[in-house]
Structure formats: structure tokens, C-alpha cells
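Next come the chains, spelled out residue by residue.
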Amino acid sequence: MTDVKTGQKDAYGLILEAIDIGLYKPGDRLVESELADRFGVSRTPIREALQRLETQSLLARDGRSLIVASLDHNQLAELYVVRAELEGLAASLAAQHAAPEEIRVLREMVEDDRQRLDDPAGLARSNRRFHKQLHLASHNRYLVQQLDLVHRTMALLATTSLAAEGRSEKAVGEHDAIVSALETRDCHAAHAALKTHISKAFETRLKLDSGSEAAG
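So, here's what we can say about the structure. Predicted model, so just to flag it, every value in this text is computed and none were measured.

## Quick look at the nonpolar core
Consideration 1: Core analysis: the biggest nonpolar cluster contains 33 residues, and Tyr80, Leu106, Leu134 and Leu182 have the highest contact counts within it.
Consideration 2: Breaking this core down by element, the ones donating at least two residues are helix H4 (73-97), helix H5 (100-113), helix H6 (120-137), helix H7 (141-154), helix H8 (167-183) and helix H9 (187-215).
Consideration 3: When residues in this core are grouped by element, the largest group, 7 residues, is from H4.
Consideration 4: Residues Ala11, Ile15, Leu16 and Ala18 belong to the second largest nonpolar core, which totals 24 residues.

Here it is, written out as C-alpha cells:
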């Protein structure tokens, strides 16, 4: 298994990235010494990072051990409600404030994603980049900070909703509708298109979770 590259990132960022890319999944136990060896940092910053992640509810206690947290049904519903409202606001603000270059970058992302429809994992990574670029295009630093926290919590979802049959193509079409609204500077349409996108993603997530429970 390939380790996350250390680079100049701190222990918190390294562990968070490892969770985000699925190196550590919900339920996995995190051990200070193992993390220190993997990332090549001392145990003190690892310990501080674990405490910070626990405070943010990204890690949970299992006896004396820390594990990657998982979301129950109610937490999932709450997360998607907040995500829809905040991202809808981001889309509305982006329609008003995004530079033409930012909108063109988002359009290119949509067109590139049409070539990734048979690669759910690659599309999931691209999807995160698309949403991050959209957040930045809102030009509201406080909103971006809150959305960063929401998307960190999204990393606790073990699978991507884009893995559901037919979801990839629909998701790219929804991204297309969002960008089209930005291109016409229609903040109401952008807000509506984004909220529809999140609603469809949540609906797909519920179906996936229901299917996995039935299979279990």
C-alpha cells in the first residue's frame, strides 16, 4: 500500500489526507507509534493531531483506542442538510463574484469528467476538486472554512455515491447545470442546481447504505 507523501505537511494534515483517500476507513484503529513510523514524524505531533481530530468528531473512542468515526443515519441526514445549504450559498455567491477564469476552469472540469464516467474512484477525486474550486469561487473565506469542515466529515463515508450504477453520468450532468448557471450569472439557478445535486447525492447514498445493510 502506498503511503501518503510527507512533504511539508503537518501530522494533522497527513492523517486527515489518509482518511480522505481511504487509507484509513471508518472503524480502523489509529495507533500513535504506527502513524509516527508511517509518516516519519515524532509521536508528540501525532498525539496532538489525534486529539484535534477527536475534538472534531472525525475520530471516536473505542475503549482506550481511537478509531476513525462513522456516521449513523441521523448524522448523515444532518450533514447533508448543512452541506446543501452551505454549498447552495457558495454557488449563489460564485454566480455573482467568480472571475470568468474561475468559471472556465469549472467548465473544463466538467468536460474532463465526461471521460471518467467508468472510473468512480477517479471521478470521486475530481468531484472533490470541483466542489473545492466552486467554494473558492464564492470569494467568502468564512464560508470556505465551514465547507472545509463539512467536507472533512464527508471523508468518513466509506464509499462514494458515484459508485452507484448510473450515478456518475447524472452527477456530471448536475455539475454541468451548476456551471451553466454560473456562466449566465444566475445566482438563483446556481443555488437551485447545487441543492438538487446534493439532494440526488444524498438519495443515492441512502440507497447504497440500505443495500449494504440488506446484504449484511
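So much for the structure itself; the text now carries on.
## So, the side chain of Arg167
Consideration 1: Residue position: Arg167 is located in helix H8.
Consideration 2: Judged by relative accessible area, Arg167 falls into the buried class, the value being 5%.
Consideration 3: In this view, Arg167 contacts Ser161, Leu162, Glu174, His197, Lys200, Ala201 and Thr204; residues no more than four positions away in its chain are not counted.

## Focus: helix H2 (residues 32-39)
Consideration 1: The set of residues buried in H2 consists of Glu32, Leu35, Ala36 and Phe39. The arc that holds every buried residue of H2, seen down its axis, measures 100 degrees, which confines them to one face. Turned more than 90 degrees off the buried face of H2, the exposed positions are Glu34 and Asp37.
Consideration 2: At its buried positions, H2 is contacted by helix H1 (11-20), strand S1 (29-30) and helix H3 (43-55).
Consideration 3: Positive phi shows up at Gly40, right after H2, with a value of about 70 degrees.

Reading the values: the criteria
- Residues numbered from 1 in each chain as written.
- Predicted model: local features only at pLDDT ≥ 70, side-chain atom pairs only at ≥ 80, totals over all residues.
- Heavy atoms only, no water.
- Core = buried A, V, L, I, M, F, W, Y, C linked by side-chain atoms within 4.5 Å.
- Buried < 20%, exposed > 50% of the residue type's maximum accessible area, 1.4 Å probe, protein only.
- Helix = DSSP H or I, 4+ residues; strand = E, 2+ residues; numbered from the N terminus.
- Contact = heavy atoms within 4.5 Å.
- Arc of directions from axis to C-beta.

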